[in-house]
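Structural overview
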Amino acid sequence: MPAYVIAHLRDAAPHPDIAEYIERIPGTFEPYGGRFLVHVTPHEVKEGTWPGHVVMIGFPGIAEARAWWDSPAYQEIAPLRSRHIEGDIIMVEGVPAGYDPAATARAMREALPTEVTPPRP
């Protein structure tokens, strides 16, 4: 199953360290099969707020994503970003091919108490 590293980055003022980080990061992906899927492209906020930028990196699997994050090559350049950009970064596994959300809904319904009070208008 594919895995993703998703970053919500805020307050990214231009800085030479950030330019260096952007130049060097693709080389850290290569041994792990990673690639940018989204990199600071415009986004539309449909609900809530989302100040800043989105970065999404895809990997063949969670093991590769973890190995990339922990790699000496990435850890060497990570401070170039983290010293200058605030943000949140998550790592998440994708769903398998043929994923059926209806099965998740069924499991959720089965876990509900037998008598559920309908929502109030």
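Up top is the structure these notes are about.
Report follows, based on the coordinates. (Residues numbered from 1 in each chain as written. Predicted model: local features only at pLDDT ≥ 70, side-chain atom pairs only at ≥ 80, totals over all residues. Heavy atoms only, no water.)

Burial analysis of strand β1 (residues 3-10) places six of its eight residues in the buried class, which makes it a mostly covered element. Where β1 lies against strand β3 (residues 53-59), seven bridges are found, and the strand directions are antiparallel. Opposite Val5, over in β3, you have Ile57 as the bridge partner. In the sheet, β1 pairs with strand β4 (residues 86-93) via eight bridges, with the strands oriented antiparallel. Bridge pairing links His8 to Asp88 in β4. (Buried < 20%, exposed > 50% of the residue type's maximum accessible area, 1.4 Å probe, protein only. Helix = DSSP H or I, 4+ residues; strand = E, 2+ residues; numbered from the N terminus. Pairing = 2+ DSSP bridges.)

Secondary-structure assignment places Ser71 in the loop between α2 (62-70) and α3 (72-82). Here Ser71 falls in the buried class, since its relative accessible area comes to 3%. A distance of 2.7 Å separates a polar side-chain atom of Ser71 from the backbone oxygen of Trp68. (Polar contact = N/O pair within 3.5 Å; in protein donor to acceptor, adjacent residues only side chain to side chain.)

So, on to the packing of α2 against α3. Direction vectors running N to C along α2 and α3 enclose 65°, while the axes themselves pass 5 Å from each other. Side by side, α2 and α3 meet where Trp68, Trp69 and Asp70 of the first sit next to Pro72, Tyr74, Gln75 and Arg81 of the second. Split into classes, the residues belonging to the contact of α2 with α3 amount to four nonpolar, one polar and two charged. (Axes fitted to C-alpha atoms, helices over the stretch in contact; angles between N-to-C directions. Contact = heavy atoms within 4.5 Å. Nonpolar A, V, L, I, M, F, W, Y, C, P; charged D, E, K, R; others polar.)

In this section: unusual backbone geometry. With a phi close to 55°, Val40 is a non-glycine residue in the positive phi region. Mapped onto the fold, Val40 is located in the loop between β2 (35-39) and β3. You can call Val40 partly exposed: its relative accessible area is 39%.

Right, let's get into the environment of Pro60. Secondary-structure assignment places Pro60 in the loop between β3 and α2. In this structure the C-alpha to C-alpha distance between Pro60 and Tyr32, which are 28 residues apart in sequence, comes to 7.9 Å. Ignoring sequence-local partners within four residues, the contact set of Pro60 consists of Met1, Pro2, Ala3, Tyr32 and Gly33.

Scanning the model with the defined rule gives eight aromatic pairs in all. Ring centres 5.4 Å apart and planes at 35° place the aromatic pair Phe59 and Trp68 in the tilted group. In this pair, the class of Phe59 matches that of Trp68, namely buried. Members of the aromatic cluster, each reached through a chain of ring pairs, are Tyr21, Phe29, Phe36, Phe59, Trp68, Trp69 and Tyr74. (Phe/Tyr/Trp six-rings, centres within 6.5 Å; stacked < 30°, edge-to-face > 60°.)

In this section: the sheet that holds β2. Strand order in this open sheet of four strands is β2-β3-β1-β4, and the pairing throughout is antiparallel. The sheet terminates laterally at β2 and β4, the two strands that pair on one side only. Within this sheet the neighbouring strands show an average axis-to-axis angle of 15°, counted without direction. Set on the sheet, helix α1 (residues 16-29) makes contact with β2 and β3; between it and β2 the angle comes to about 140°. Strands in contact with α2 are β1, β3 and β4; relative to β4, the strand with the most contacts, it is inclined by about 145°.

None of this, on its own, says anything about what the molecule does.
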